[in-house]
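An overview of the molecular structure
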Amino acid sequence: MEKTKTEILADEILLKAKTELTGSIHSLIRAINALEFVPTNEEDVFTNAKSLFYNPNYILLRFKENTCSVNRVLLHSILHCMLLHPFNIDFKDTSLWNLATDICVENTINSWRLSCTKHEKDVMQNAVINEISKNVKHLSAENIYYYLKGAEISEEALKMYSELFSDDVHKIWYKNKNFAFFEFSDDEETVEARSIYKMADNRQGLSNKSNDKIMRDAVNNAAKEEKEEWRKVTPTVVSDVEALKKQGLMSGVDTQVLKGVNNDKYDYSKFLKKFISLNETMEINDDEFDYIFYTYGLKMYSNMPIIEPLEYVESLKVKKLFIAIDTSGSVKGNIVENFIEKTYNILKSTDFFSCKTEIHIIQCDSEIKEIKILHDEKELEEYIKNLSLKGFGGTDFRPVFQYVDEIFTSSQQNEVNGLIYFTDGEGVYPKQMPKFKSVFVINDSCFDKSKMPLWATPLFIDDNDLIR
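Anyway, here's the lowdown on the structure attached to this text. The shown structure was predicted, so the numbers you read here are calculated from the model rather than taken from an experiment. (Residues numbered from 1 in each chain as written. Predicted model: local features only at pLDDT ≥ 70, side-chain atom pairs only at ≥ 80, totals over all residues. Heavy atoms only, no water.)

Looking only at helices and strands, the protein chain features 18 helices and 11 strands. Buried positions account for 49% of the 468 residues belonging to the protein chain. Accessible area of the protein chain: about 24700 Å², with a carbon and sulfur share of 50%. (Helix = DSSP H or I, 4+ residues; strand = E, 2+ residues; numbered from the N terminus. Buried < 20%, exposed > 50% of the residue type's maximum accessible area, 1.4 Å probe, protein only. Areas by Shrake-Rupley, 256 points an atom, 1.4 Å probe, with all protein chains shown as cover.)

Further remarks concern the packing of aromatic side chains. Enumeration according to the criterion identifies 20 aromatic pairs in this entry. Judged by centre distance (6.5 Å) and plane angle (45°), the rings of Trp-173 and Tyr-174 are tilted. In this pair, the class of Trp-173 matches that of Tyr-174, namely buried. The interplanar angle of 70° and the centroid separation of 5.2 Å between the aromatic rings of Phe-397 and Phe-440 together place this pair among those described as edge-to-face. Of the two residues, Phe-397 is situated in the loop between helix 16 (377–385) and helix 17 (398–410) and Phe-440 in strand 10 (residues 438–442); the sequence distance between them amounts to 43 residues. For the pair Phe-397 and Phe-440, a shared accessibility class is recorded, and that class is buried. Grouping aromatic residues by their ring pairs yields a cluster made of Phe-397, Phe-401, Phe-408, Tyr-421, Tyr-429, Phe-436, Phe-440 and Trp-455. Geometry around Phe-37 places Lys-18 over its ring, the cationic atom sitting 3.9 Å from the centre. (Phe/Tyr/Trp six-rings, centres within 6.5 Å; stacked < 30°, edge-to-face > 60°. Lys NZ or Arg CZ within 6 Å of the ring centre and 35° of its normal.)

One can find Asp-376 in the loop between strand 8 (368–374) and helix 16. Taking the C-alpha atoms as reference, Asp-376 lies 6.6 Å from Thr-357; in sequence the two are 19 residues apart. Within the structure, Asp-376 has its side chain in polar contact with the backbone nitrogen of Lys-378 (distance 3.2 Å). (Polar contact = N/O pair within 3.5 Å; in protein donor to acceptor, adjacent residues only side chain to side chain.)

Core analysis: the biggest nonpolar cluster contains 76 residues, and Ile-25, Met-82, Trp-112 and Trp-230 have the highest contact counts within it. At nine residues, helix 5 (residues 94–112) tops the list of elements feeding residues into this core. Excluding residues within four positions of it along the chain, Ile-25 makes contact with Trp-112, Leu-114, Val-237, Asp-240, Val-241, Leu-244 and Met-250. Formed by 32 residues, the second largest nonpolar core is a distinct cluster that contains Val-331, Val-336, Tyr-383 and Leu-389. (Core = buried A, V, L, I, M, F, W, Y, C linked by side-chain atoms within 4.5 Å. Contact = heavy atoms within 4.5 Å.)

Strand order in the open sheet made by the six strands is 8-7-6-9-10-11, with mixed pairing throughout. Taken across any chain shown, the strands that pair with only one partner, and hence form the sheet edges, are strand 8 and strand 11 (458–460). The average angle at which neighbouring strand axes cross in this sheet is 20°, direction not considered. Pairing of strand 10 with strand 11 involves three bridges; the strand directions are parallel. Its bridge partner being in strand 11, Phe-440 is matched across the sheet by Pro-458. Packing against the sheet, helix 13 (residues 268–275) makes contact with strand 6 (320–326), strand 9 (416–423), strand 10 and strand 11, and its axis sits at approximately 155° to strand 9. Sheet strands touched by helix 16: strand 6, strand 7 (358–364) and strand 8. Its angle to strand 8, the strand with the most contacts, is close to 145°. (Pairing = 2+ DSSP bridges. Axes fitted to C-alpha atoms, helices over the stretch in contact; angles between N-to-C directions.)

What follows is about the pattern of salt bridges. Going through the model one piece at a time under the given rule, you end up with 18 salt bridges. Between Lys-50 and Glu-226 there is a salt bridge, with the nearest N and O atoms lying 3.1 Å from each other. Taken together, the positions of Lys-50 in the loop between strand 2 (45–47) and strand 3 (51–54) and Glu-226 in helix 11 (residues 208–246) put the pair 176 residues apart, joining distant regions of the chain. For Lys-50, a relative accessible area of 24% corresponds to the partly exposed category. Note that Lys-134 and Glu-131 form a salt bridge whose closest N and O atoms lie 3.3 Å from each other. The exposed category is assigned to Lys-134, whose relative accessible area is 64%. Judged by relative accessible area, which is 40%, Glu-131 ranks as partly exposed. (Salt bridge = Lys/Arg side-chain N within 4 Å of Asp/Glu carboxyl O.)

The next thing to look at is the sheet that holds strand 2. One open sheet accounts for three strands, arranged 1-3-2; its pairing is mixed. The outermost strands of the open sheet, each flanked by one partner alone, are strand 1 (36–39) and strand 2. For this sheet, the mean angle separating the axes of adjacent strands, direction not counted, is 20°. Sheet analysis places strand 2 next to strand 3, joined by three bridges and oriented antiparallel. Bridging across to strand 3, Phe-46 finds its partner in Phe-53.

Let us look at helix 16. Along helix 16, the residues classified as buried are Leu-380, Tyr-383 and Ile-384. Buried residues of helix 16 fall within an arc of 100° about the axis and therefore sit on the same side. Exposed positions of helix 16 whose direction lies more than 90 degrees from the buried face are Lys-378 and Lys-385. For helix 16, the side-chain oxygen to backbone nitrogen distance between the N-cap and Lys-378 is 3.2 Å, and the N-cap itself is Asp-376. (Arc of directions from axis to C-beta.)

For residues that are not glycine, phi is negative in most cases, and the peptide bond is trans in most cases. Backbone geometry places Leu-84, a non-glycine residue, at a positive phi of 65°. The residue Leu-84 is located in the loop between helix 4 (69–82) and helix 5 in this model. Accessibility expressed as a relative area gives 3% for Leu-84, which makes it buried.

If you want it as structure tokens, here you go:
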């Protein structure tokens, strides 16, 4: 089908935008080539991380308004993909998530200060960003989302923010989730997924529920592959940008959020269950005890039961678990409270407590401020009710490791279960690997884990994991 004059002009403008962006940051060529550019009659510009859809008339309009405007919207959409925003949509307030992702992306663009993406709204955007930065350390979409959710911001102000930061349309992200995005793309994988669904639909006796599962599996597998491909793109761009900064060709660059893309987050509940060791308790295993032989013996041999050798069941129990809380000025109190309460709920729901339990809760900034040794569920519940944080200075992890090491050295084998250290990751680490299990639970997905020693194990979580 022959292209219209409008489509030809739009293609030329987009080619110019690609050339100017890759001329500023060469490695962006890989990110641009990862997207198939597809003209559409749909509104404005949008991407599903596989294709970038654009309305040719809209591209012409943007170019007439500001020659840098198309460069900006193209980089805006690419950064959404590099930061994995189209894949991370499990947030209750979708409008707030959309806004948070846009603020995150526009902040990155502004920090790069490329001449080809300058826009008159930069000044107003930076005023809002500076205000948010007073409360948010790293401006990732997740961090911004939770700030906006907790801050008392009027609907009018949120609407103004949305108009100021929005530069593309996100509806397709959620259409992906509902399978409707297939109507937009004709690439090989999508066609295959559609054919699988159609085959399933024509199969006799196959329920709609089965059809949905086949489609959902096809979508999830395709999304996982796309996500991993974008993970590979991001470090290359980060390295390029940081090299330009060192050469003095870029200033004020913020790459921390992009670095956080490869910090995998984990389910804290699943982690804690694995972290706690299996200890055998002296209890009869009801699943293994044979009551048939028992009652048979009572009947046949005048109150003499036949009992097989007893088998015991292994149950998850805590011996000595150490939970350290970083109470330095950079760790917020409400997040600490959520972490302690989440830990309590996990232990409570899975029956981790035993009469021999010792849970050492240690508050520490640059030195240990408080140690509480709790022995059962009630003591832990009471501790949470009366929790008072102490510290708010710098951060030194060594005092806590020294405390645990002393107890580990004087304890019997396998008595010390391990140390869980809740922190933002910034601080002085021990030089040597401890003799006991330890993990740093880090509530900052943007933390640069290269700052940690090689022996340290980070576990990245976010506020959403702590409150659900």
